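Notes for the structure review
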Amino acid sequence: MSSQPNTPTPLDLEAIRARLADAKGPEFWRSLEQVAETEEFRSFLDNEFTQGTSEWTNPVSRRRLLELMGASLGLAGLTACTKQPPEKIVPYVTQPEDIVPGKPLFFATALPVSGFGDGVLVESHMGRPTKIEGNPNHPASLGSTGVYHQSAALGLYDPDRSQSVLREGRNSTWQRFQESLNLLREELLASKGAGFRLLTETVTSPTLAALIREFLATYPEARWHQYEPVNRGAVHAGTKLAFGEAVSPVYHVDKADIIVALDADFLTAGPGAVRYSRDFASRRKPENMNRLYAVEPTPSLTGGVADHRLALNSADVDSFARALAAKVGVAVTSGATKAPAVWVDAIAKDLNAHKGTSLVVAGEHQPAAVHALAAAMNAALGNIGTTVTYIEPVEADASDQMASLAQLTADMAAGKVTSILIAGANPLYNAPPDLKFAEALRSVKLRMRLGEYDDETSAVCHWQVPMAHPLESWGDLRSYDGTVTLQQPLIAPLYEGKTAIEVISVLLNRAGRELRDVVKENWAGQLKRDDFDNFWEKSKHDGMIAGTASAPRAVTLNKDLGAQLPAAPASGAEVVIRPCPSVYDGRYTNNAWLQELPRPLTKITWDNAVLISPKMASSYKVQNGDILEVKAGGRSVKGPAWILPGQAEETITVHLGYGRTRHGKVANNVGFDAGKLQSKADPWRVAGASIGKTGDWYELAITHNHHSMEGREIVRFATVDEYKAKPDFAQAHDKGHELFNMYPEFEYKSYSWGMSIDLNACTGCNACTIACQAENNISVVGRDQVIREREMHWIRVDRYFEGSLDDPSIHHQPVPCMHCDNAPCENVCPVAATSHSGEGLNQMTYNRCVGTRYCSNNCPYKVRRFNFFRYADWETESFYNLRNPNVSVRSRGVMEKCTYCVQRINVARIEAEKEDRKIRDGEVITACQSVCPAQAITFGDMNDPNSKIAKLKKDSRDYGLLAEINTRPRTTYLAKLRNPNPELEKAKPAAGAHHA
Amino acid sequence: MAQIFRPSTNAFAKGSIAAGLAVVAGLGAALFAFARSPYVSNAEVTVEQPVMFTHKHHVAGIGLDCRYCHTSVETSAFAGIPPTETCMSCHSQIWADAPILEPVRESFRSGKSLEWTRVHDLPGFVFFNHSIHVAKGMSCAVCHGRVDQMPLVHQQNTLFMEWCLDCHRAPEKYIRPKDQVFNMEYTPSEPQSVIGARLVAEYKVRKLTDCSVCHR
């Protein structure tokens, strides 16, 4: 028998569709394979690990293996008797004042995502940053972060970062580079900067912006360009249309009763997403539920949590917005829309009934017209000032980045550019190919690059200078609402990285100034306070400068908007290009945590795919994994197909960030470069797309069939009305099971830890998975091992589809260890490596574990993870610094799983005992709980009747996963609620009535 | 034909069975003894250090408190090894030219740390916290022995898990009044069986024997 299925059983999509349509009750499914009950899916379900996971598959024969084992048995036994190697203690010569060995320090700083800074607190052990937490006082964070902030710790220690100054590929020094810059400076002084260009990514930093302005004043002929693929160009162009000036919207999601998302994934992507997610969750409580409508071409997480989701081509979002705008009092003429009329009518009615408490959000990848319409609708509905405010753009220069890059390219091609400094941007990889940037750049005489990696752009530059990581540098960034967020270094640059400020300073003949002083002096000049020094110290401590959030601008709607709107794009087959939810636009592609993080809706790891709708798959007879050639706009890419339920029928979605050729060991040659399809006219959508099969097949590493719990009542949900009629709907299922226990009951005299996960708040953003990975030293296993179901995440987010194939509802469920009171794993361990603690934890003692895997086999939740190989990287020295010193690094042959962050419990217990008190409610915060933007996770002592967790456990929505098998899980869920619009519910084609 | 085996062979056979068993038992006992020997546990083994620092002189002779050098013992998991500066606060004046102290002066001059060899080395999967033990009336001397009588410090106990558990199961056997924790010469004023039980109750000492207290 072959150990691994080669090409899988073909799926019959029509049969799947029929099967789902026939379903009487709620039909939850994770994958098409599951509905079709293919052999591959049975193998995931029936076996603890997939075929071949636990078998010996190397060419060495079984007999030879036994021989080797016999020979090494005697020696193997003795390895336990080896002495520990002597260890050195290296104390300081002069002890720094604040450092107490063994106690971490936390520093407030800022991490950028596409230039926008979010406040974070960074845990530092003896000068080594190890873990990122949110800054509770920062408006964009409120204590939470997204996945990119979490993964920044790994990014810092990435051994593939550019490690030395390179001149034409050969090692050089910063000193030499400075000499070269000095020569350039003399030339620039003579020519007033003529022929010099600076290219950066989005700049929000006031200090850097001030320096650049000074630079441009000194060298008036020099020019500054900005470009990165994901920018706010469409937002600014749209608001300019609507209000006559470019402004940025800031949403107040908590004040909105009705929200319409026009292809906007505002809960998980874009500036302010963490805050919006928090505010949104605060309105998903049964007593004050908001209602979210999402209209989008490709399923997003925001669409997943929407009460009503309509799949519509990207091009048709525009006509939908026009039709909706016309009905809420905006003076536009609406043409035909592909959306069902009942949708437009019902949403318009709902919006009109909630003037001042509704909100229309347009997505960053939609063209300016949609942003203008969203702004106009907000104005017409009286939402401006309540649920949305408009502020001056946060970017230092909000002009159109694509136009800026096109101008630069044209100038270079025309020979007007003699020297260029590219600070951060990577246009060789991410500029639209029709610009022909690479050819133009090669004609520039002096090409200098400041970059974190020696990447595609560095390869064609004369100089490559390592750029400092945000955790290594002083600086300032502005947040989604304008708040100035201060950056302070957690560690000296590992590879002598420099910042843009330092390089530009050399050109202004101000080299050698401390970066810290540059930032401080800028603010001393800006703020002009008598108590500046004290104020500065406080601001650094808090991580931000208080009172710098932008004031709302008064805006008036352009009366002629209807006439000035560009024509709506033509509908039809299209390719939609989006940043990858895990590796973004390619800047995080070398981050293995992010690569292995299952993409939230497809559950694909380590790859991108061509996402197509089931109907398109049927008509082109495409199976999952078939390599397709996608043609659009005269360009084409090839990639594996993935059939995504909920995808708009004629839309093909591809994700950016892959196909890197020169980035690092993790990133290179992974996936295909979807950016090859982009055009400068509309980078996010190409009309007139077609797909063709190449005849090849590729196996994607997908986790959605892994760790399956079979078709039980796993996700429970109801509508708000159903909940009000029957508050205990979620528990009804468990009544009538007679549960008894042969073992004596445990007694919990001190604490009794428990967790509650609110499915109504969870958006499925994956932040918990990656925060857990960072906190608990969880290894990355790689694509090949993921295919074998060996991924190590302690908390996974299961994604369920429910209902029809083409228009399913989407549910997310984070699943950590349940810490059962009657834990099936504990009873079967032959060496008592997993045992029950007096505080209710299901403990995993690595040093006792001999790797029988009985526990994992017996776990109904499939939350145990086994180290089939030595996944932990002991060879790369920089990773030693990354690890949490309070958690063991596991080796081969050891089982591991969620510990409820027992290291944090122990710290809290010790501090409490020293102060002769009990641990306070909220004192132990697990990594997943702390990071969760929606605050879906609550942890605490169930013995304390006043604790938050004890109250949540009494909530009528509380239910245990598979509680009917009497495992008595300590992790329980709060059932999900929906708040549908009755008018749309009536119009819904008769899908099976969902569970209540 | 003569018998191959003479009657005395029976005795040999019986003897060899006994001898065989004895060899197996002996090997077992030897292995057991080896596993518990100082070679494995490092107990009582004196370790060489870059500077022949004597605790006996500094503690018993001069009367320095443990916390003069091990500053974080009451606040952190790690008791702390003094920075070179602490040594030099006295030795820039006293024994300022002593050849034995040259590595200390060299470290201070060059800014390069002294590298001490760890004497009490727990395995990587064990997480011990000094501060809570000290806070609950567990003296330095209970684990580290009479350091004030050791010229060169050595590990007094095995640091085996059973040794840890001996106290974690019955802390009353070793507990002291909190004000005697750093007193090397402490002897209980009443029998330990009386005072121990009383202090365990007074300090609310819990018998923490869950795996995850130390292993995580």
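Rules used throughout
Residues numbered from 1 in each chain as written. Chains lettered and ligands numbered in written order. Predicted model: local features only at pLDDT ≥ 70, side-chain atom pairs only at ≥ 80, totals over all residues. Contact = placed C-beta atoms within 7 Å. Helix = DSSP H or I, 4+ residues; strand = E, 2+ residues; numbered from the N terminus. Nonpolar A, V, L, I, M, F, W, Y, C, P; charged D, E, K, R; others polar. Pairing = 2+ DSSP bridges. Buried ≥ 20, exposed ≤ 12 C-beta atoms within 10 Å, placed from the backbone. Core = buried A, V, L, I, M, F, W, Y, C linked by C-beta atoms within 7 Å. Axes fitted to C-alpha atoms, helices over the stretch in contact; angles between N-to-C directions. Parallel < 35°, antiparallel > 145°, perpendicular 65-115°, else oblique. Left-handed = near helix turned anticlockwise from the far one by under 90°. pLDDT = per-residue confidence, 0-100.

Our next topic: the interface of chain A and chain B. Taken together, the contacts link 36 residues of chain A with 38 residues of chain B. Breaking the side of chain A that touches chain B down by element, the ones donating at least two residues are strand S2 (88-89) and helix H31 (902-914) of chain A. Broken down by element, the residue count for the side of chain A that touches chain B peaks at six residues, all from H31(A). Of the residues assigned to the side of chain A that touches chain B, the class counts are 14 nonpolar, 15 polar and seven charged. Alignment of S2(A) against strand S1 (residues 116-117) of chain B, held across two bridges, turns out to be antiparallel. Looking across to S1(B), one finds that Lys88(A) is bridged to Thr117(B).

What follows deals with the environment of Ala674(A). All names here are of chain A. Summarising the element assignment, Ala 674 is placed in the loop between strand S26 (651-655) and strand S27 (685-687). The sequence separation of Ala 674 and Thr 653 amounts to 21 residues, and the corresponding C-alpha distance is 9.4 Å. In contact with Ala 674, not counting residues within four places along its chain, are Ile 577, Asn 608, Val 637, Val 654, His 655, Leu 656 and Tyr 658.

Residues and elements named next belong to chain A. Extensive coverage of strand S21 (residues 574-578) is indicated by the burial of five of its five residues. Neither face of S21 is exposed, since Glu 574, Val 576 and Arg 578 on one face and Val 575 and Ile 577 on the opposite face are all buried. Two strands pair when backbone bridges link them, and S21 and S26 are joined in this way by five bridges, in the parallel orientation. In the strand pairing of S26, Val 575 is matched with Ile 652. The sheet contact formed by S21 and S27 spans three bridges and is antiparallel. Bridge assignment links Val 576 to a residue of S27, and that residue is Arg 685.

The topology assignment puts Glu722(A) in helix H24 (residues 720-725). Residues Glu722(A) and Thr298(A), 424 residues apart in the sequence, show an inter-C-alpha distance of 30 Å.

Our focus in this paragraph is unusual backbone geometry. Phi is positive for Asn669(A), close to 60°, though the residue is something other than glycine. Tracing the chain through its elements places Asn669(A) in the loop between S26 and S27. A tally of 10 C-beta atoms within 10 Å means that Asn669(A) is categorised as exposed. Notably, Glu44(B) is not glycine yet its phi reads approximately 65°, a positive angle. Mapped onto the fold, Glu44(B) is located in the loop between helix H2 (38-41) and helix H3 (55-61).

Counting 275 residues, the largest nonpolar core has Ala261(A), Leu262(A), Val361(A) and Val630(A) as the members making the most contacts within it. The biggest single contributor to this core is helix H13 (residues 368-380) of chain A, with 10 residues. Those residues within four positions of Val630(A) in sequence are excluded, and the remaining contacts are Val575(A), Val610(A), Ser636(A), Val637(A), Ile652(A), Val654(A), Leu677(A), Ala689(A) and Ile691(A). Core analysis: the next-biggest nonpolar cluster, separate from the first, contains 11 residues, Cys66(B), Ala79(B), Cys140(B) and Ala141(B) among them.

All names here are of chain A. Here seven strands make up an open sheet; going across it, the order is S7-S6-S18-S17-S16-S8-S9 and the pairing mixed. Both edges of this open sheet fall to strand S7 (170-171) and strand S9 (223-226), since each of them pairs with a single strand only. Bridge count between strand S17 (residues 446-451) and strand S18 (residues 463-466): four bridges; the pairing is parallel. Each residue of the ladder has a partner; that of Arg 449, found in S18, is Gln 464.

All names here are of chain A. The N-to-C vectors of helix H11 (residues 314-327) and H13 enclose an angle of 20°; their axes lie 9 Å apart at closest approach. The orientation of H11 with respect to H13, classified from their angle, is roughly parallel. Viewed along their axes, H11 and H13 form a crossing whose handedness is left-handed. Facing H11, whose interface residues are Val 317, Asp 318, Ala 321, Arg 322, Leu 324 and Ala 325, H13 presents Ala 369, Val 370, Leu 373, Ala 374, Ala 376 and Met 377. Residue composition of the contact of H11 with H13, by class: 10 nonpolar, no polar and two charged.

All names here are of chain B. Summary statistics for chain B give a mean pLDDT of 91 and a share of 100% for residues scoring 70 or more. Across chain B, the secondary-structure element scoring lowest on mean pLDDT is H2, at 82, and the one scoring highest is helix H7 (residues 130-135), at 95. Of the two predicted TM-score estimates for the complex, the pTM is 0.91 and the ipTM is 0.90.

With that out of the way, let us pick up the sheet that holds strand S3 (residues 105-113) of chain A. All names here are of chain A. If you trace the three strands from one edge of the open sheet to the other, you get S3-S4-S5, paired in antiparallel fashion. Looking at which strands have only one partner, the edges of the open sheet turn out to be S3 and strand S5 (128-134). Sheet twist, expressed as the mean angle between neighbouring strand axes with direction ignored, is 40°. Two strands pair when backbone bridges link them, and strand S4 (residues 116-125) and S5 are joined in this way by six bridges, in the antiparallel orientation. Across the sheet, residue Ser 124 finds its bridge partner in S5, namely Pro 129.

Attention now goes to the pairing of strand S10 (residues 248-251) of chain A. All names here are of chain A. Here S10 shows a buried face lined by Ser 248 and Val 250 and a second buried face lined by Pro 249 and Tyr 251. The pairing of S10 with strand S15 (residues 388-391) spans four bridges and is antiparallel. Within the sheet, the bridge partner assigned to Pro 249 lies in S15 and is Tyr 390.

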